[in-house]
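Commentary on secondary and tertiary structure
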Amino acid sequence: MNSDDEIRKNVIAEIEQDPQLAKIAAQIGVTVCKEVVTLSGKVDYYSQKVAAEKAAQRVRGVRIMAVDIEVRSASDSEVLTDSKIGEAIKITMHWHSVIPEDLLEVKVEDGWVYLNGTVNWEYERSAVEKAIENIRGVKGVFNKIAIRNNAVKPAEVKKKIMAAFHRHATVDAANIKVSVVGSKLTLSGNVRSWQERKDAESIVWLMPGVTHVVNELELETSVLMDGSLKLEQN
């Protein structure tokens, strides 16, 4: 087991090695106490905050994580109003081949983006947030986009998911339990890494008819937490 000091050094090294973060690595603070990793500091873009969180999650030994990174406001020389941010989002969505812009509602308030609407697939929902991450002036995203509820047979969905787990190189199906109630699916059990946890959830979202995923997969016996404790997606 890595010590707190080793985990801290490895997280810093991972952040410094990330091409998106290399130039601003000094702006990101990293503290570790009893395997609890806290990221702090200020960055210029929301995408950098997301990248820092993902970099820390790639490090072995990270069990609990809090993200206190702040996206700084635009400088006085370049005032980005909510209206301008909204216009940039509209243009980005219009030219994105995956995003069904006619099904979505977007509100921008003090740099925070609120997304609502209904789409057919999780990849569409994720594509919207990913596209917005890199827009200048965005401080954060509240993604409330829903997945369309189509009739599914729980037993059939569960069978397909377990088969997909067995095919996937990074997911140990033997340690994961799947529970399906209507269109809501719950994952429980143990995984070896943050990446395996994400991969398992990504596989589930590929199944037609799944509208809610509760990811209760744990790294050994530790509780998982990011800045907003998002275990359930609606």
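Below, the structure is looked at part by part. (Residues numbered from 1 in each chain as written. Predicted model: local features only at pLDDT ≥ 70, side-chain atom pairs only at ≥ 80, totals over all residues. Heavy atoms only, no water.)

**Notes on the pattern of salt bridges**
Where charged atoms from two side chains of opposite charge come close, those side chains can pair. Under the convention used in this document: Salt bridge, as used here, is a side-chain nitrogen of Lys or Arg placed within 4 Å of a carboxyl oxygen of Asp or Glu. Numbering goes from the N terminus for both helices and strands, where a helix is a DSSP run of H or I of at least four residues and a strand is a run of E of at least two. Exposed residues in this analysis have more than 50% of their type's maximum accessible area, buried residues have under 20%, and partly exposed residues fall in between, with area computed by a 1.4 Å probe over protein chains only.
All told, the structure shown has 10 salt bridges when counted by the stated rule. Among the ionic pairs, K107 bridges to E109, the shortest N-O distance being 3.8 Å. Residue R125 is joined to E122 by a salt bridge in which the shortest nitrogen-to-oxygen separation is 3.8 Å. Of this pair, R125 and E122 both sit in helix α4 (residues 122-133), three residues apart, roughly one helical turn. The exposure classification of R125 matches that of E122, with both residues buried. Overlapping salt bridges bring together E14, D18 and R58 as one network.

**Considering the packing of helix α2 (residues 46-57) against α4**
So the rule is basically this: Every angle, taken between N-to-C directions, lies between 0 and 180 degrees, and every axis is a line fitted to C-alpha atoms, over only the stretch in contact when it is a helix. Roughly parallel covers angles under 35 degrees, roughly antiparallel covers those over 145, roughly perpendicular covers 65 to 115, and oblique covers all other angles. By the convention used here, residues are in contact when the closest approach between their heavy atoms is within 4.5 Å. Gly is placed with the polar residues, together with every amino acid not listed as nonpolar (Ala, Val, Leu, Ile, Met, Phe, Trp, Tyr, Cys and Pro) or charged (Asp, Glu, Lys and Arg).
Interaxial distance between α2 and α4 falls to 8 Å at its minimum, and their mutual angle equals 115°. Considered as vectors, α2 and α4 are oriented roughly perpendicular to each other. Residues Y46, S47, V50 and K54 of α2 lie in contact with α4, whose contacting residues are E129, K130 and E133. Partitioned by chemical class, the residues of the contact of α2 with α4 number two nonpolar, one polar and four charged.

**Overview of the side chain of N215**
Definition in use: Whenever two N or O atoms come within 3.5 Å, that pair is a polar contact, provided that in protein one can donate a hydrogen and the other can accept it, and provided that, for residues adjacent in sequence, both atoms are side-chain atoms.
Mapping N215 onto the fold places it in strand β10 (residues 212-219). Of note is the side chain of N215, whose polar atom sits 2.8 Å from the side chain of E201. A polar contact is formed between the side chain of N215 and the backbone nitrogen of L217, at a distance of 3.1 Å.

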